[in-house]
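# Overview (structure and organization)
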Amino acid sequence: MNLPISADLIGQHNAAALPALEDDFAALGRKLERNGVDIEAVKERAKGWSVAVPSWGAGRGGTRFAKFPLAGEPTNIHEKLEDCAVIHQLGTTTPRVSPHFPWDCVDDYAALREEAGSYGLHFDAVNSNTFQDQPGQEHTYATGSLASTVEATRQQAVAHNIDCIEIGQQLGSSAITVWVGDGTNFPGQQDLGRSMDRYLEGAAQIYAALPDDWRMMLEHKMFEPAFYSSVISDWGSSLMAAQELGDKCKCLVDLGHHAPNVNIEQIVARLHRAGKLGGFHFNDSKYGDDDLDSGSINPHQLFLVFNELVEAELDPRGGFDPAYMIDQSHNVTDPIESMIASSETIAGCYVRAQLVDREALHAAQEANDVMLAFRTLRGAYETDVAPILAKARAEAGGAIDWLGTYRASQYRDRKAQERKAVGLGAGIV
Ligand SMILES: [Mn+2]
């Protein structure tokens, strides 16, 4: 296995941190035992949990105004894979990478799959891009892609998505995530009903090209890049489309793509009930689709989402197999650090949701004991599960103090010497 960070370095740092961790882990274990929870079993669940990282998240993002490059940031999919390998090596919960086309296009996808495998990585859902024009592209997406009024533009968008499926098959993926930037900036600009008809007609052609064991995930977004209307603006539109397209089509929930203050955990419960919960794009937001680090603003909301996911797992109805992915933009941090921090935060919410006394919660809910139900949930949220996550990481070969170990490795400094510099410019979020 090709591991970018020295195992000796990780071992040294872990040896120094282990006595304190054992102490904290034992104390937490005794606390949980009083509630009838076996900390070892929870730790094993934590070890079995994973989330995908997006290839584009390995680079610096940008605002709508500018991008500030980082010395040593990756400029191609090969370098992005190397950075993703660091994230997984230290954090141990991110073995899958979600590629984006055409940003990650190469000549030989079989070789790319092998390259990822050499780091212990696999490819997750492929992402298509019909929200920006590419050099040499025949038809512009300036006024829409799948929902464009121009037939040739719609066909070009369909063909690109089918190309992505074919690439994904070579990479070992089994899902495509479709997000379109289609929408309008002016009332009256397009017919709101007919634009949905056009979108569905194109989406159905992509759906028809899905291999049997593939899934198509629709990502809704309330606004941006269009500011008056979006074609797939909300979970209702997404659900409507997924239901019309067929069983293999599911809805994807990006935590930043909702109206402010929307109850996202309830959307999760609703989509699960409809058998249409496809997966997540984890990030956080304060005002809009800010793509901030997962749980950095509202960790409680993330916990409540996971609480619904644990409920869904216990009551799978038509099935429960959501795809988890981080989708955030790193404008002012080292993307490797942000990605490990987020994967730890997300895993922490998963673990906390495991600690909820379900029997007590359900009994309190049935009895309308409001305060007891609330406190049962809140008690799990307030539990510091860091020792469980750190122990799980260490046992899987990762770093207890991942930030200290990463900085001591001087990985980014070394890459700054080796890699070519990224140009200035506007960022793509
Ligand atoms: Mn997203």
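Residues numbered from 1 in each chain as written. Predicted model: local features only at pLDDT ≥ 70, side-chain atom pairs only at ≥ 80, totals over all residues.

## Quick look at the sheet that holds strand β1 (residues 53-54)
Taken together, three strands build an open sheet; the order of strands is β1-β2-β3 and the sheet is parallel. What marks the edges here is a single partner per strand, and that holds for β1 and β3 (122-123). Looking at chain direction, strand β2 (residues 96-98) and β3 are connected through two bridges and run parallel. Bridge pairing links V97 to F123 in β3. (Pairing = 2+ DSSP bridges. Helix = DSSP H or I, 4+ residues; strand = E, 2+ residues; numbered from the N terminus.)

## Digging into the sheet that holds strand β10 (residues 277-282)
Pairing is parallel across the open sheet formed by six strands, whose spatial order is β4-β5-β7-β9-β10-β11. Every other strand in the sheet has two partners, leaving β4 (126-127) and β11 (323-326) as the edge strands with one partner each. Here strand β7 (residues 215-219) runs beside strand β9 (residues 249-254); their pairing, made up of four bridges, is parallel. Counterpart to M217 in the pairing with β9 is K250. Sheet strands touched by helix α5 (residues 151-171): β4 and β5 (175-178). Its angle to β5, the strand with the most contacts, is close to 150 degrees. (Contact = placed C-beta atoms within 7 Å. Axes fitted to C-alpha atoms, helices over the stretch in contact; angles between N-to-C directions.)

## Some details on unusual backbone geometry
Of note, the amide linkage connecting F101 to P102 takes the cis form, showing an omega dihedral of 15 degrees. With respect to the secondary-structure elements, P102 resides in the loop between β2 and α4 (109-118). The amide bond that connects E224 to the next residue, P225, takes the cis arrangement and shows omega of 10 degrees. In this structure, P225 sits in the loop between β7 and β8 (229-230). The backbone of T92 sits at a positive phi, close to 65 degrees, despite the residue not being glycine. Judged by C-beta crowding, with 25 C-beta atoms within 10 Å, T92 ranks as buried. Even without a glycine there, the phi angle at Q410 is positive, about 55 degrees. (Buried ≥ 20, exposed ≤ 12 C-beta atoms within 10 Å, placed from the backbone.)

## Some points on the pairing of β10
With six of six residues buried, β10 is to be regarded as a mostly interior element. Bridging between β9 and β10 involves four bridges; their strand directions are parallel. Considered in β10, the bridge of V253 is made with F280. As a crossover connection, the stretch from β9 through helix α8 (residues 264-273) into β10 is right-handed. Alignment of β10 against β11, held across four bridges, turns out to be parallel. Across the sheet, residue F282 finds its bridge partner in β11, namely I326. Chirality of the crossover, the property in question, places the unit of β10, helix α9 (residues 299-314) and β11 among those that are right-handed. (Right-handed = clockwise from strand over helix to strand, strands pointing away.)

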